Amino acid sequence: PGDSAVLTVDTGKPGATIDPNIYGQFVEHLGRGVYEGIWVGPDSPIPNVRGIRSDVVAALSQVKVPVIRWPGGCFADGYHWRDGIGPATQRPAGINAAWDKSAETNAFGTHEYMDFLDQIGSKAFVSVNVGSGSVREADDWMRYMTAPADSQPGKERAANGHAAPWTVPFIGVGNESWGCGGNMTADTYATAFRHYAAFLRAYSGERAKLIAVGADTDDYEWTEKVMAQAMKWRPNPTPLAYNTERPLMWGLSLHFYSFAGNDWRNKGRNIGFGTDQWASALARAHLTDELIRRHAAIMDRYDPKKQVAIAVDEWGAWFDSEKDAPSQLYLESTLRDAVIAGMSLNIFNNHADRVRMANVAQMVNVIQSLVLTQGAKMVVTPTWHVFDLYKVHQNATMIPVDVQAPDYVEGAVRLPGLSVSASKDAAGALHLSIVNLDPAAARPVRIDLKGGAWRKASARTLTAATIDTRIRFEGADPFVPGPLPARLAQGQVALTLPSKSVTLVTVE
Ligand code: AHR
């Protein structure tokens, strides 16, 4: 083992509540993400409930998915919601224009998405079409989903099988409007957002929270301009119609992907990579912290009360696809994905005062993935195991941790050797999630607990034989977290983290 690390946890200095929506997901009509991955149809031999596959629902229910963003992604700004309602046989056969121009049957539409949410126990986050749609189309969709049963849209919804209005707590106002969602400048988007915001609302139930399109990676100018122009109501709108005390937007998005190569055309290998590409991918994941700090610093100037959330509504590991259909964005998951997920979620937890939504890209069969399917077979990925370990952080209080640990150094890359976040749950238990980035060195760790009286400690850890150990559809799952010895004595916990691992320590 390498030199020891010391983590100091002061439970007397609690931070913000960790919003469960940080553990949100994203599903898009892309590759096998929806069709096969979620939707197999009611007549499929694959066990399903109303066409939605039961194995996938069972796996996702276990990790407590709070919210699911749909229908895209780039797909959202070409999606016309009316194509996806009504009798299945009468829905138009479309084309997935955003991706591989494959057939879009529209078999999975609004009703099927809402059914999927109900089966998993998740909330809705619908991205409306700004790029090729209209304010009217988006408002009509909100009416269709949320208006009371005795209204005209409610009657149409009832005729299609669902009388009661649905709750739509989150609306994404476009997606990547700086790119596939409309090629807009920040000024143009800010104007479009203000226009949509005047009309987008829920017609029953919970107030809908609007999420504006935010920056790609380090586009700080976008954040500056959208915050300056689109955050606030004009000084004197009709006061009875609007609650002008609150900003126009609930959240501002951030999209950021971790890859190992130099740029989007060279994202690095997904399997069969060496420690150089392990390190470069982890360096990029680590950048998430700086991105959030710098975007948040800009937001602080316009919104010192932190009313506007950062919604990292697309994040994940994205490498070059080694499969025949690269546009399907299917990747075999490896241990590196788990480490990137563990690091990213720790960063979101540690910024819980501003980050109140995050949606991993994506949920099934696309890029990072929590679940992979192959016909009737299904496996959970290393990322799924990280979400399962980390679910204890949902709704818990963030606790700051001072980390003294040797750096992980690989060639020109130098990174903090451990990524850590901690929280205290409602029952008083303390949870620390710790990622050891080093691909070769185990790390002895001492955790100094300040405040509280502690009786016992336990730990579970996820690792694998090699840095690119990958998921397989046959045989035992190599990523199931195993118990790790943790000794508690006199307010200190001692344990040794395996190399390349994600560990959850619980102290009660
Ligand atoms: O997640 C895949 C794609 O990445 C999304 O459709 C798009 O928003 C982003 O560029």
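Reading the values: rules and limits
- Residues numbered from 1 in each chain as written.
- Predicted model: local features only at pLDDT ≥ 70, side-chain atom pairs only at ≥ 80, totals over all residues.
- Heavy atoms only, no water.
- Helix = DSSP H or I, 4+ residues; strand = E, 2+ residues; numbered from the N terminus.
- Rg over C-alpha atoms; globule rule 2.2 N^0.38 Å.
- Buried < 20%, exposed > 50% of the residue type's maximum accessible area, 1.4 Å probe, protein only.
- Contact = heavy atoms within 4.5 Å.
- Salt bridge = Lys/Arg side-chain N within 4 Å of Asp/Glu carboxyl O.
- Near = heavy atom within 4 Å.
- Polar contact = N/O pair within 3.5 Å; in protein donor to acceptor, adjacent residues only side chain to side chain.
- Areas by Shrake-Rupley, 256 points an atom, 1.4 Å probe, with all protein chains shown as cover.
- Domains from an automatic or database assignment.
- Buried area = accessible area lost by both parts, 1.4 Å probe.
- Pairing = 2+ DSSP bridges.
- Axes fitted to C-alpha atoms, helices over the stretch in contact; angles between N-to-C directions.
- Phe/Tyr/Trp six-rings, centres within 6.5 Å; stacked < 30°, edge-to-face > 60°.
- Lys NZ or Arg CZ within 6 Å of the ring centre and 35° of its normal.
- Core = buried A, V, L, I, M, F, W, Y, C linked by side-chain atoms within 4.5 Å.
- Disulfide = S-S within 2.5 Å.

A few words on the overall build of the protein chain. Across its full length, the protein chain carries nine helices and 27 strands. A compact globule built from 508 residues should have a C-alpha radius of gyration of about 23 Å, and the protein chain, at 23 Å, falls within 12% of that. Dimensions along the principal axes, computed over C-alpha positions, put the protein chain at roughly 65 × 55 × 45 Å. In the protein chain, which comprises 508 residues, the share counted as buried stands at 57%. Contacts in the protein chain between residues far apart in sequence, at least 24 positions, make up 76% of those at least 6 positions apart.

Moving on: the pattern of salt bridges. For the structure shown, the criterion picks out 27 salt bridges. Between Lys13 and Asp10 there is a salt bridge, and its shortest N-O distance comes to 3.6 Å. Across the pair Lys209 and Glu206 runs a salt bridge whose closest N-O atoms are separated by 3.2 Å.

So, about the site of the ligand. Taken together, the residues surrounding the ligand are Phe26, Glu28, Gly73, Cys74, Trp99, Asn175, Glu176, Tyr257, Glu314, Trp318, Gln362 and Ile367. Take Glu28: an N or O atom from its side chain is 2.7 Å from an oxygen atom of the ligand. The contact in question runs from an oxygen atom of the ligand to an N or O atom on the side chain of Gln362, over 3.0 Å. Compared with its free state, where it exposes 280 Å², the ligand has 93% of that area covered by protein.

Moving on, we come to the domain arrangement of the protein chain. Domains assigned within the protein chain are domain 1 (5-10 + 399-507) and domain 2 (20-394). One C-alpha centre belongs to domain 1, the other to domain 2; they are set 29 Å apart. Across the contact, 35 residues belong to domain 1 and 39 residues belong to domain 2. Each partner contributes to the roughly 3100 Å² buried at the junction of domain 1 and domain 2, and carbon and sulfur atoms together form 70% of this total. Contact with domain 2 buries surface across domain 1, with Ile467, Ile471 and Phe473 losing the most and accounting together for 23% of the total.

This part takes up the sheet that holds strand S2 (residues 24-26). What the eight strands build is a closed barrel, ordered S2-S5-S8-S9-S10-S11-S12-S13; its pairing is parallel. Looking at each pair of strands side by side, their axes are set apart by 30 degrees on average, direction ignored. In this structure, strand S8 (residues 123-128) lies alongside strand S9 (residues 170-173), joined through four bridges in parallel fashion. From the neighbouring strand, Ser127 faces S9, where its bridge partner is Gly172. Lying over the sheet, helix H2 (residues 110-120) contacts strand S5 (67-70) and S8, oriented at roughly 150 degrees with respect to S8.

Moving on: the packing of aromatic side chains. Under the counting rule described, the total for this entry stands at 21 aromatic pairs. Between Trp70 and Trp141 the ring centres are 6.1 Å apart and the planes differ by 65 degrees, which places this aromatic pair in the edge-to-face class. Here Trp70 is found in strand S5, whereas its partner Trp141 is found in helix H3 (residues 135-146), with 71 residues between them in sequence. Judged by its relative accessible area of 0%, Trp70 is buried. What makes Trp141 buried here is its relative accessible area of 3%. Measuring from centroid to centroid gives 5.8 Å for Tyr189 and Trp222, while their planes differ by 25 degrees, and the two rings are stacked. Placement of Tyr189 in helix H5 (residues 186-199) and of Trp222 in helix H6 (residues 220-230) is noted, with a sequence separation of 33 residues between them. Comparing Tyr189 with Trp222, the two get one shared label, buried. One aromatic cluster is present, built from ring pairs that chain together Trp39, Trp70, Phe75, Tyr79, Trp81, Phe108, Tyr113, Phe116, Trp141 and Tyr144. Stacked on the ring of Phe26, the Lys or Arg Arg69 has its end atom at 4.6 Å from the ring centre. Across the ring face of Phe319, the terminal group of Arg336 is positioned such that the distance to the ring centre comes to 3.7 Å.

Tracing the backbone through its elements, the reader meets Arg69 in strand S5. One polar contact links Arg69 to Asn175, side chain to side chain, over a distance of 2.7 Å. In this structure Arg69 touches Gln25, Phe26, Val27, Phe125, Ser127, Asn175, His255, Asp313, Glu314 and Asn359, once residues within four positions along its chain are discounted.

On to the sheet that holds strand S17 (residues 401-404), then. With mixed pairing, the five strands of this open sheet are ordered in space as S17-S1-S22-S26-S25. Since the sheet does not close on itself, it has two edges, and those belong to S17 and strand S25 (487-489), each with one partner. Going from strand to strand, the sheet's axes swing by 20 degrees on average, the running direction of each strand aside. As defined by bridge partners, strand S1 (residues 5-10) adjoins strand S22 (residues 443-450) across six bridges and the pair is classed as parallel. The residue bridging Val9 from the neighbouring strand is Leu449, located in S22.

All right, on to the nonpolar core then. Most often, soluble globular proteins have nonpolar side chains that are buried together. Grouped together as the largest cluster of nonpolar side chains are 125 residues, with contacts concentrated most on Phe116, Phe193 and Met249. At ten residues, helix H7 (residues 275-302) tops the list of elements feeding residues into this core. Counting contributing residues, this core receives three or more from each of domain 1 (5-10 + 399-507) and domain 2 (20-394). Ignoring anything within four residues of it in the chain, the contact list for Met249 reads Phe193, Leu210, Ala212, Val226, Met227, Ala230, Met231 and Val308. Within the second largest apolar cluster, 23 residues are counted, among which are Val445, Ile447, Val505 and Val507.

What follows covers the environment of Asp115. Following the sequence through the fold, Asp115 ends up in helix H2. Sequence separation between Asp115 and Val56 is 59 residues, and the spatial gap between their C-alpha atoms is 14 Å. In this view, Asp115 contacts Arg50 and Ile52; residues no more than four positions away in its chain are not counted. A distance of 2.8 Å separates polar atoms of two side chains, one belonging to Asp115 and the other to Arg50.

With that out of the way, let us pick up the state of the cysteines. Under the counting rule described, the total for this entry stands at one disulfide. Between the sulfur atoms of Cys74 and its disulfide mate Cys180 the distance is 2.2 Å. On the sign convention where negative means left-handed, the S-S torsion of about -85 degrees between Cys74 and Cys180 marks this disulfide as left-handed. Residue Cys74 is located in the loop between S5 and strand S6 (94-95), and its partner Cys180 is located in the loop between S9 and H5; the two are separated by 106 residues in the primary sequence. The class of Cys180 is partly exposed, set by a relative accessible area of 41%.

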